[in-house]
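Residues per chain are reported as follows:
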Amino acid sequence: IGEAYDSAPVWSHDGKTIAFASDRYGSLDVFVVSASGGEARRLTNCSGQDIPSSFSADDRLVYFSSQRQDLVTDAQFPVAGLPELYSIPVTGGEVSLVLTNPALSATVNPAGDKIIYHDQKGYESEWRKHHVSSVARDIWAYDLPARTYTKLTDFAGEDRNPVFAANGDDFYFLSERGGSFNVYRSSLSR
């Protein structure tokens, strides 16, 4: 409890650690804290907004989105509004670039070889109801060993916030295809 804005909490797979974003030192940085309480430990130190989305399958890394630096070969135009996906060890250390494209709400399967996420193609408000356009978010999978992308949804409106089921193939996500953000189920092997 404090004056800082703490948000975006995510649990480790073993249930022992929580990663979260906090503005205790100005901009949002990633912190970790024991699920049983105690002092939070700061993992990132950047002037951008670092937002955690998941732990790695072995709970050794925290995946987070941040607007740091696109690869020169991937940047169509320089902008701070489209984040990249990074990882950092739970023990602290060097930040690693995972994906240069916006991969929001990224989660990893139990095997640790696939990441699912929703994209961000532009600047439309994520809370605009029943938004249908080419900027609407879609669910994607990234195969880490193969370095390949697969688009998993094709609804013209919003599909987002995917979460793997325990079997590592099925996933749940939010979509407006049947109203206002209902929960849907699909699978990588569909």
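Relevant structure appears above.
Here the structure is a predicted model, which means the values were calculated and not measured. (Residues numbered from 1 in each chain as written. Predicted model: local features only at pLDDT ≥ 70, side-chain atom pairs only at ≥ 80, totals over all residues. Heavy atoms only, no water.)

Trainee: So what exactly am I meant to see when it comes to the sheet that holds strand E15 (residues 182-187) here?
Mentor: Sheet strands pair by backbone hydrogen bonding; their relative direction is either parallel or antiparallel. As summarised here, the arrangement of the three strands in space is E13-E14-E15, forming an open sheet in which the pairing is antiparallel. Edge positions in the sheet fall to strand E13 (159-164) and E15, since each of these pairs with one other strand and no more. Sheet twist, expressed as the average angle between the axes of neighbouring strands with direction ignored, equals 30 degrees. (Pairing = 2+ DSSP bridges. Helix = DSSP H or I, 4+ residues; strand = E, 2+ residues; numbered from the N terminus. Axes fitted to C-alpha atoms, helices over the stretch in contact; angles between N-to-C directions.)

Trainee: What should I look at first to understand the sheet that holds strand E4 (residues 41-42) in this one?
Mentor: Here we have four strands laid out as an open sheet, ordered E1-E2-E3-E4, and antiparallel in their pairing. On the outer flanks of this sheet lie strand E1 (6-11) and E4, each paired with one strand and no other. As paired elements, strand E2 (residues 17-22) and strand E3 (residues 29-34) share six bridges and run antiparallel to each other. For Ala21, the partnering residue across the bridge sits in E3 and is Val30.

Trainee: Can you walk me through unusual backbone geometry in this structure?
Mentor: Leaving glycine aside, a negative phi is the common case for residues, and trans is the common case for peptide bonds. Positive phi outside glycine occurs at His130, with the angle close to 55 degrees. Within the secondary structure, His130 sits in the loop between strand E10 (114-118) and strand E11 (139-143). One non-glycine residue, Asn161, adopts positive backbone phi at about 55 degrees. Relative to the helices and strands, Asn161 is located in strand E13. Residue Asn161 is classed as partly exposed on the basis of its relative accessible area of 30%. (Buried < 20%, exposed > 50% of the residue type's maximum accessible area, 1.4 Å probe, protein only.)

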